[in-house]
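Secondary and tertiary structure notes
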Amino acid sequence: MKIEILGTGCAKCKKLFENAQEAVKNLGTSADVVKVEDIQLIMNAGVMMTPAFAVDGKVKSVGKVLSVDEIKKIIS
Amino acid sequence: MAEECCSPSEILIFTCSGSSNVGQVANQAAVDLQQEGIGKMLCLAGIGGHVSGMIASAQSAKRLVGIDGCSVACTKKTMEHVGLSLTDYVLITALGYEKGPYSGTMDKKAVDKIKDEMKKQIVKPIKIEVK
């Protein structure tokens, strides 16, 4: 599984990245959590607001800092 | 486009951008509304194409504004197809304009009328249905 956090590096983007890492750790699942900070790539994903959360190339959430529990529900 | 960080766009604007005269008026009205800072345009084709980032962006917006040129209502139907409802809507032919081929000359008076109509709707609070 590949989890992408799309955002240009703001505090909320970093928080979402941390929450995603925590969720993966809690679930003990195998997933790569990566940041996507290139604005062109973010735009290509059709994302209008950041941070965005994507799993295996599919955007699941936009403009929201998902909690660890919310992320766990999405990826489990 | 991801211009803002951390704050959902308040208003996203969708239009059929159809090939007819009224479709082109719809598109121009949306372009003008965006340039005036009323909202941001998002591609209706992206919604129809199930581009996940665009659908998620629309889901996070507070108002979804739609402009259709004619009663075929492609904007409204495309949004409904993915489970989204427009909060504000203008149907151009319902305002007395007749659908026909686009001549290449934009009807600026029509564009202004559509913009005014949409602005009137956008200042109104959104109706929330209580079940």
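Anyway, here's the lowdown on the structure attached to this text. For every chain, the first residue of its written sequence is number 1, and the numbers climb from 1 along that sequence. As a convention, the first chain written is A and the first ligand written is 1, with the rest following in written order. The predicted nature of this model means local features are confined to residues of pLDDT at least 70 and side-chain atom pairs, given and counted, to a pLDDT of 80 or more, with totals for whole chains, interfaces and linings taken over all residues. The side-chain numbers reported here are obtained from all heavy atoms of the structure, hydrogens and water having been left aside.

What follows deals with empty space enclosed by the protein. Left-over empty space is what a probe sized like a water molecule reveals as it rolls over the atoms. All names here are of chain A. Residues are said to line a cavity or pocket when one of their atoms sits within 4 Å of a point; the points come from a 1 Å grid over protein atoms alone, cavities being sets where a 1.4 Å probe fits but cannot get out and pockets being open sets with protein on both sides within 12 Å along at least five of seven lines. Grid points are joined across faces, edges and corners, and a volume is the space filled by probe spheres set on the points. One pass over the full model with this rule turns up one cavity of 30 Å³ or more. By volume, the largest cavity amounts to about 60 Å³. Lining the largest cavity are I5, L6, G7, G9, C13, K14, F17, K35, V36 and E37. For the lining of the largest cavity, the secondary-structure elements that each account for two or more residues are β1 (2-6), α1 (11-27) and β2 (32-36). The secondary structure listing takes helices from DSSP runs of H or I that are at least 4 residues long and strands from runs of E that are at least 2 residues long, numbered from the N terminus. At three residues, the largest contribution of residues to the lining of the largest cavity is made by α1.

Membership of the largest hydrophobic core comes to 25 residues, with the highest contact counts inside it found for F14, I47, L64 and M79 of chain B. Contributing elements (two or more residues each) for this core: β4 (52-55) and β5 (58-62) of chain A together with β2 (11-15), α2 (44-48) and α3 (52-60) of chain B. Of the residues forming this core, the biggest block, four residues, is contributed by α3 of chain B. With near-sequence residues (within four places) excluded, I47 of chain B lies in contact with F14, M54, I55, A58, T78, M79 and V82 of chain B. In this structure, A30, I67, M118 and I122 of chain B belong to the second largest nonpolar core, which totals 18 residues. As used in this record, nonpolar core signifies buried Ala, Val, Leu, Ile, Met, Phe, Trp, Tyr and Cys residues forming a set joined through side-chain atoms within 4.5 Å. Each residue is placed in one exposure class: buried if its accessible area under a 1.4 Å probe, protein chains only, is under 20% of its type's maximum, exposed if it is over 50%, and partly exposed if it falls in between. The contact criterion used is simple: two residues touch if any of their non-hydrogen atoms lie within 4.5 Å.

Residues and elements named next belong to chain B. Along the polypeptide, K99 turns up in the loop between β5 (88-91) and α5 (108-122). For K99 and G69, which are 30 residues apart along the polypeptide, the C-alpha to C-alpha distance reads 7.8 Å. Dropping the residues within four chain positions of it, K99 is found in contact with S20, N21, V22, C70, V72 and T93.

Residue and element names in this part refer to chain A. The axes used here are C-alpha line fits, helices contributing only the stretch in contact, and every angle between their N-to-C directions lies in the interval 0 to 180 degrees. Here α1 crosses helix α3 (residues 68-75) at 60°, and the two axes come no closer than 8 Å. Put simply, α1 runs oblique to α3. In the crossing of α1 with α3, the sense of the turn from one axis to the other is right-handed. Contacts from L16, N19, A20, E22, A23, V24, N26 and L27 in α1 reach V68, I71, K72 and I75 in α3. Of the residues that constitute the contact of α1 with α3, the class distribution is eight nonpolar, two polar and two charged. For classification, angles of less than 35 degrees are called roughly parallel, those exceeding 145 degrees roughly antiparallel, those between 65 and 115 degrees roughly perpendicular, and all remaining angles oblique. Note on convention: near helix rotated counterclockwise from far helix by under a right angle means a left-handed crossing. Clockwise means right-handed. Note on residue categories: nonpolar means Ala, Val, Leu, Ile, Met, Phe, Trp, Tyr, Cys or Pro, charged means Asp, Glu, Lys or Arg, and polar means any other residue, Gly included.

Sheets are built from strands paired through backbone hydrogen bonds, the pairs being either parallel or antiparallel. Residue and element names in this part refer to chain A. Paired strands, as defined in this entry, are two strands with at least two bridges between them according to DSSP. Strand order in this open sheet of four strands is β2-β1-β4-β5, and the pairing throughout is mixed. Of all the strands in the sheet, just β2 and β5 have a single pairing partner and so form its edges. Pairs of neighbouring strands in the sheet enclose a mean axial angle of 25°, with direction left out of account. As paired strands, β4 and β5 are joined by four bridges and run antiparallel to one another. Note that in β5 the partner of F53 across the bridge is S61.

Just distances and angles here, no functional claims.
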